[in-house]
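Results of the structural survey
Given next are the chains, with one letter for each unit.
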Amino acid sequence: MQAKIDYNAMDVNMSMNRARYNDLLDRFERVDTGLTPADVAEVYYGFALTPGYNPTDTFPEIKAALADKDYSRAAALADSALKLNPVSFELLLLDLKANELRPDKTVEEMQHTRNVAARCDMIANAIIESGRGVYAAEPFFVTSEADMLGFLSNVLYVQRILGRAMVADVDAVKINLPGSN
């Protein structure tokens, strides 16, 4: 199996030129339209190699605020959390939901919502470009289980997960797509 995402090479590149990665990350956060798909992939997958990365991060306070329909609080919590992990697909989706549902948005908040939506799209495209997602030899690559679940439900619009198993070193998920039984 040949992975399209070469974490070893990425780690070496980041170690030798951390300033370049930081510049790409900053450009990603500003939604620089000059970023190439390879740049976005480097930002998303490279973040997993940074010291503060935690693939098991959960965001219970944000989810509770969303459940309570306290969208302004959820947005503030998500915005704060994004400062620590600006490429978490799950966190971006939570922030997007909170910001889209909050009432009485300012012009700056509406621009922020567009920025978050664009970042979601950039990461979704990086994941789509990482593999075919149909065979174990060509999986979609994500950096956390939460990102996988967010990708399945918000990009592929999976109706339900039918099963899950490890196939070699790939977490294989059997799914129902919209319109299927």
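Refer to the structure presented above.
An account of the accompanying structure is given in this report. (Residues numbered from 1 in each chain as written. Predicted model: local features only at pLDDT ≥ 70, side-chain atom pairs only at ≥ 80, totals over all residues. Heavy atoms only, no water.)

**Quick word on the side chain of Asp-39**
Spelled out, the test is: The helix count covers DSSP runs of H or I at least four residues long, the strand count covers runs of E at least two residues long, and both are numbered beginning at the N terminus. Should any heavy atoms of two residues lie within 4.5 Å, those residues are considered in contact.
By the secondary structure assignment, Asp-39 is in helix H3 (residues 37–47). Residues within four places of Asp-39 in sequence aside, it is in contact with Arg-20, Leu-24 and Gly-34.

**Regarding the pattern of salt bridges**
A side chain with one charge may pair with a side chain of the opposite charge, provided their charged atoms come close. Worth spelling out the cut-off: Here, a salt bridge means any Lys or Arg side-chain nitrogen found within 4 Å of an Asp or Glu carboxyl oxygen. Burial classes follow relative accessibility: with a 1.4 Å probe on protein chains only, a residue under 20% of its type's maximum area counts as buried, one over 50% as exposed, and anything between as partly exposed.
Enumeration according to the criterion identifies nine salt bridges in this entry. Arg-102 is paired through a salt bridge with Glu-109; the nearest N and O atoms lie 3.1 Å apart. Among the residues examined, Glu-109 registers a relative accessible area of 21% and is labelled partly exposed. Across the pair Glu-145 and Arg-164 runs a salt bridge whose closest N-O atoms are separated by 2.8 Å. Remark: Arg-164 occurs in strand E1 (residues 160–167) and Glu-145 occurs in helix H8 (residues 145–154); sequence separation between them is 19 residues. Taking relative accessible area as the criterion, Arg-164 reaches 38% and is therefore assigned partly exposed. Several salt bridges share partner residues, and in doing so they unite Arg-20, Asp-39 and Glu-42 into one network.

**Here's the deal with helix H5 (residues 71–82)**
Rules: Helix span, expected: 1.5 Å multiplied by one less than the number of residues in the helix. Working note: the arc is built from the helix axis to C-beta atom directions.
The end-to-end C-alpha distance of H5, which contains twelve residues, comes to 16 Å, matching closely the 16 Å that a straight helix rising 1.5 Å per residue would cover. All of the buried residues along H5 are Tyr-71, Ala-74, Ala-75, Ala-78, Ala-81 and Leu-82. Down the axis of H5, the buried side of the element spans an arc of 130°, and every buried residue falls inside it. Here the buried face of H5 lies against helix H4 (60–67), helix H6 (89–101) and helix H7 (107–129).

**Points about unusual backbone geometry**
Most peptide bonds take the trans configuration, and most residues that are not glycine carry a negative phi. A positive phi is found at Lys-69, a non-glycine position, where the angle reads about 60°. Structurally, Lys-69 is set in the loop between H4 and H5.

**Considering the nonpolar core**
The condition is simple: By convention a nonpolar core is built from buried Ala, Val, Leu, Ile, Met, Phe, Trp, Tyr and Cys residues, the set being connected through side-chain atoms within 4.5 Å.
Ranked by internal contacts, the top residues of the largest apolar core, which has 43 residues, are Tyr-45, Ile-62, Val-87 and Ile-123. The set of elements that each furnish at least two residues to this core consists of helix H1 (7–16), helix H2 (18–29), H3, H4, H5, H6 and H7. Residues contacting Val-87, with those up to four places away along its chain left out, are Leu-25, Phe-28, Val-43, Tyr-44, Phe-47, Leu-92, Ile-123 and Asp-147.

**Here's the deal with the packing of H6 against H7**
Going by this rule: Note on method: axes are straight lines fitted to C-alpha atoms, helices fitted across the in-contact stretch only, with angles between N-to-C directions ranging 0 to 180 degrees. Here the angle decides the label: under 35 degrees means roughly parallel, over 145 means roughly antiparallel, 65 to 115 means roughly perpendicular, and every other value means oblique. By convention, the crossing between two helices is left-handed when the near helix turns anticlockwise from the far helix through less than a right angle, and right-handed when the turn is clockwise. The nonpolar class holds Ala, Val, Leu, Ile, Met, Phe, Trp, Tyr, Cys and Pro. Asp, Glu, Lys and Arg form the charged class, and all remaining residues, Gly among them, are polar.
Packing of H6 against H7 brings their axes to within 9 Å, and their N-to-C directions diverge by 150°. When the axes of H6 and H7 are compared, the pair comes out roughly antiparallel. Pair H6 / H7 crosses with left-handed handedness. Of the residues in H7, those in contact with Phe-89, Leu-92, Leu-93, Asp-95, Leu-96, Asn-99 and Glu-100 of H6 are His-112, Thr-113, Val-116, Ala-117, Arg-119, Cys-120, Ile-123 and Ala-124. Grouping the constituent residues of the contact of H6 with H7 by class yields nine nonpolar, three polar and three charged.

**Considering the pairing of E1**
Put simply, the test is: When DSSP finds two or more bridges between a pair of strands, those strands are recorded as paired.
Sheet analysis places E1 next to strand E2 (residues 170–176), joined by seven bridges and oriented antiparallel. When the bridges of E2 are listed, Arg-160 appears paired with Asn-176. Between E1 and E2, which follow one another and run antiparallel, lie two residues, and Ala-168 among them has a positive phi close to 60°.

**With respect to the packing of aromatic side chains**
Short version of the rule: The pairing test for Phe, Tyr and Trp rings, Trp by its six-membered ring, is centres within 6.5 Å, and the orientation test on the planes gives stacked under 30 degrees, edge-to-face over 60, and tilted for anything in between.
This model, assessed by the stated rule, comprises four aromatic pairs. Arranged with centres 5.2 Å apart and planes meeting at 65°, the rings of Phe-140 and Phe-151 form a pair that is edge-to-face. With Phe-140 in the loop between H7 and H8 and Phe-151 in helix H8, the pair connects residues that are eleven residues apart, well separated along the chain. The class of Phe-151 is buried, set by a relative accessible area of 2%. Taken together, the aromatic side chains of Tyr-7, Tyr-44 and Tyr-45 make up a single cluster linked through ring pairs.

Structural measurements only, silent on function.
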